[in-house]
Amino acid sequence: MSDHEQHDSHSAAYWRVFWALCGFTVISVVADLVALPSKFMLGAIVLAVATAKALCVMMYFMHLKFERAWKYLLLAPTMIIAAALPVALRPDIGAHYYVQDVKQLGADYQEHLERTAAHSAGHH
Amino acid sequence: MTHAVAAPTLKMGIPISNAKLGMWLFLGTEIMFFTAFIGTYIVMRMGSLGWPTDTHVTHINIFLGGTNTFVLIVSSYFVVVSHDCLLSHQYAKAWKFMLFTLILGFVFLSIKGVEYTGKFQHDILPGHIPENNLQAMDKVVHQFGKLMDRRLAAAFPKQSKREDQKTELDNRIKSLNEKSGRSPAEEQELKSMSNLAKLNSEYVSLKEHVRSNLALKVPLANFDAIRKEEHASYDPVNLDDVNKKVEEILADKELGPLASGLGPAHPILYGNLFASNYFLMTGFHAIHVIIGLFMFILVLMKGGRLCVDDAILVENIGLYWHFVDLVWIFLFPLLYII
């Protein structure tokens, strides 16, 4: 490592980031405890906080802020491929744009089971 | 003639050490690995008609999850401090902070262990969760059957089949009943054998009622006649009665101790989907934590030999540990809060 001899300590920055991370965690927990008007808002807040925490860790603790442009070369393809999977799965699994001919799990499934059970009991 | 000054050696490629490049390439694959799980979870949750979010039902403990988040953040901070100390030639301090990180890693796993124990105790496991009342009743019967197998096998270890064990049980009770002047030990045995037989008859009755979908108030003795009826109409068995029966057995002074391990069952719609996702993500994360701890131990074993040359090693282990922290930063809101 080139900076063995002339090491600039980032300890003050680490300390600030540590407190920022603790503060973000408290915000997440408070957002859960406070009765927010919608689940969507809660999800948006906690995921935004998580993203901010992740950026803090990556930029400072993982030193990406101090690294040169190679970080984009290495991480950009990874991020694109990583995002591709959920995006590719979403139309078929995550969204229902079609009418289900055969009903899947739900209240109707429970009714179906009860009807089947009642039917089989009727045979006895 | 003057000699030309040799040109400085060109350094090709990315301006970081090979070890660090290797670690970042590995972390790149790790990002894809965990994004696959997290992405699948999000997609499944969006696609599912429902999801169990009540923490009393899922036994998710937000306080423990939050504590673990804090533990990992502190440990991540300690790793960077340790690396910083190494670069400043404060080796003893670097070693100490590495030790703190290791301890916090164990604290994380212990808290995770407490959470997992709760899940195992309440059988919140993939494939184990009944999703409707019929499955819940089937689960009670299945649990009861396994309990009877254990009790009968303990009483009659020489017989392997349940039928033989039951025959042996009946024979033993009969012979003890017929014997006059029983010793206190035989009296005790007769009592325990009778209780076992009583528990078994409770099991058979519950099983037959659930399998035949007939209310518990319908006597078992009438079943043969009912099966012959063409248009029989009886109340179906229901989960509340089955669970009440289980509670009665557990509260019974004589049968209760024998029935320990049995419990009422409550359906959780989409519970298996939840449990699969929960254990897949937290399980793989826990495996990563364990691997990280091994790496910390490797560094700590250097003891007084830890020096500035180990800075790259510590930095790489630190990068891995921060990644583990990063994954948890997303798992906590996704699994515990939303």
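Before reading further, recall that the structure is shown in the block above.
Since we're looking at a predicted model, the values are computed, not measured. Numbering of residues starts from 1 in each chain and follows the order in which that chain's sequence is written. A letter from A marks each chain and a number from 1 marks each ligand, given out in the order of writing. Residues qualify for local features only when their pLDDT is at least 70, as the model is predicted, and side-chain atom pairs are given and counted only at 80 or more; totals for whole chains, interfaces and linings, by contrast, use all residues. Side-chain measures were taken over the full set of non-hydrogen atoms in the model, leaving aside hydrogen atoms and water.

Undergrad: What is the right way to read the interface of chain A and chain B from this model?
TA: How large an interface is tends to be reported as the accessible area lost when its parts come together. Whether two residues are in contact is decided by their heavy atoms: any pair within 4.5 Å suffices. With 60 residues of chain A at the contact, the number on the chain B side is 62 residues. A 1.4 Å probe defines the accessible area here, and the buried area is the portion of it lost by two parts on being joined, summed over both. Buried area between chain A and chain B, both sides added, is near 5300 Å², and the carbon and sulfur share of it is 75%. Here, a salt bridge means any side-chain nitrogen of Lys or Arg that lies within 4 Å of a carboxyl oxygen of Asp or Glu. At the junction of chain A with chain B, the criterion picks out one salt bridge. Of the charged contacts, one joins B:Lys20 and A:Glu67 as a salt bridge, the two residues approaching to 2.4 Å between their closest N and O atoms. The term polar contact refers here to a pair of N or O atoms within 3.5 Å; inside protein, the definition further demands a hydrogen-donor-capable atom paired with an acceptor-capable atom, and it admits residues adjacent in sequence only when both atoms are side-chain atoms. Applying the counting rule to chain A against chain B returns three residue pairs in polar contact (both at pLDDT 80 or more). If you list the elements that add at least two residues to the side of chain A that touches chain B, you get α1 (11-33), α2 (39-61), α3 (70-94) and α4 (107-123) of chain A. Broken down by element, the side of chain A that touches chain B gets its largest block of residues, 14 residues, from α3(A). The classification used treats Ala, Val, Leu, Ile, Met, Phe, Trp, Tyr, Cys and Pro as nonpolar, Asp, Glu, Lys and Arg as charged, and all other residues, Gly among them, as polar. Split by residue class, the side of chain A that touches chain B holds 34 nonpolar, 18 polar and eight charged. Only DSSP runs of H or I with at least four residues qualify as helices, and only runs of E with at least two residues qualify as strands; both kinds are numbered from the N terminus onward.

Undergrad: Can you walk me through the packing of helix α5 (residues 133-155) of chain B against helix α6 (residues 162-178) of chain B in this structure?
TA: In helix packing, the relevant descriptors are the interaxial angle and the interaxial distance, both defined with respect to the helix axes. Residues and elements named next belong to chain B. Direction vectors running N to C along α5 and α6 enclose 60°, while the axes themselves pass 10 Å from each other. For the element pair α5 / α6, the angle class is oblique. For the pair α5 and α6, the sense of crossing is left-handed. Facing Gly145, Asp149, Leu152 and Ala153 of α5, the residues of α6 in contact are Arg162, Gln165, Lys166 and Leu169. For helices, the fitted line uses only the C-alpha atoms of the stretch in contact; every axis is such a line through C-alpha atoms, and the angle between N-to-C directions lies from 0 to 180 degrees. Working definition: roughly parallel below 35 degrees, roughly antiparallel above 145 degrees, roughly perpendicular at 65 to 115 degrees, and oblique for all remaining angles. In a left-handed crossing the near helix is turned counterclockwise from the far helix by less than a right angle, and in a right-handed crossing that turn is clockwise.

Undergrad: Would you take a moment to explain a nonpolar patch on the surface for this structure?
TA: All names here are of chain B. Residues qualify for a patch when their relative accessible area is over 30% and they have no salt bridge, like charges being joined within 9 Å and the nonpolar side chains of Val, Leu, Ile, Met, Phe, Trp and Tyr within 5 Å. Computed with a 1.4 Å probe, the accessible areas rest on the Shrake-Rupley method; for each residue, only the protein chains presented here act as cover. A cluster of nonpolar side chains, namely Phe106, Ile297, Leu298 and Met301, defines an oily patch on the protein surface of about 410 Å² accessible area. With respect to the element layout, isoleucine 297 can be found in helix α11 (residues 271-300). Classification of isoleucine 297 by relative accessible area gives partly exposed; the value is 32%. Residue exposure (1.4 Å probe, protein chains only): buried if accessible area is under 20% of the type maximum, exposed if over 50%, otherwise partly exposed.

Undergrad: Is there a simple way to think about helix α9 (residues 239-251) of chain B in this case?
TA: Residues lying three or four places apart along an α-helix face the same way, a consequence of the helix completing one turn every 3.6 residues. Residues and elements named next belong to chain B. In this analysis, the expected span of each helix is defined as 1.5 Å times one less than the number of residues it contains. Along its 13 residues, α9 runs 18 Å from first to last C-alpha, staying within 8% of the 18 Å computed at 1.5 Å per residue. Three or more residues of α9 are buried, namely Leu239, Val242, Asn243, Val246 and Ile249. The buried residues of α9 occupy an angular sector of 115° when projected down its axis, which confines them to one face. Of the exposed residues in α9, the ones pointing more than 90 degrees away from its buried face are Asp240, Lys244 and Ala251. Buried residues along α9 sit against α5, α7 (184-212) and α10 (255-258). Between the side-chain oxygen at the start of α9 and the backbone nitrogen of aspartate 240 there is a gap of 3.2 Å, and the oxygen is on asparagine 238. This arc is built from the directions going out from the helix axis to the C-beta atoms.

Undergrad: Quick question: what am I supposed to make of the packing of aromatic side chains here?
TA: The geometry of an aromatic ring pair is captured by two quantities: the separation of the ring centres and the angle between the planes. Two aromatic rings from Phe, Tyr or Trp, using only the six-membered ring of Trp, form a pair when their centres are within 6.5 Å; if the ring planes differ by under 30 degrees the pair is stacked, by over 60 it is edge-to-face, and anything between is tilted. One pass over the structure, following the stated rule, counts 30 aromatic pairs over all chains. Ring geometry for A:Trp70 and B:Trp24: centres 6.1 Å apart, planes at 65°, overall edge-to-face. On the criterion of chain membership, the pair formed by A:Trp70 in helix α3 and B:Trp24 in helix α1 (residues 18-47) is interchain, its members lying in two chains. The pair formed by A:Trp70 and B:Trp24 is uniform in burial state, with each residue classed as buried. Centre to centre, the rings of B:Phe33 and B:Phe284 are 5.2 Å apart; their planes meet at 85°, and the pair counts as edge-to-face. Of this pair, B:Phe33 sits in helix α1 while B:Phe284 sits in helix α11, placing them 251 residues apart in sequence. A positively charged side chain is recorded as over a ring if its NZ (Lys) or CZ (Arg) lies within 6 Å of the ring centre. The angle to the ring normal must also be within 35 degrees. One cation-aromatic arrangement involves B:Lys119 over B:Tyr278; the distance from NZ or CZ to the ring centre is 4.7 Å.

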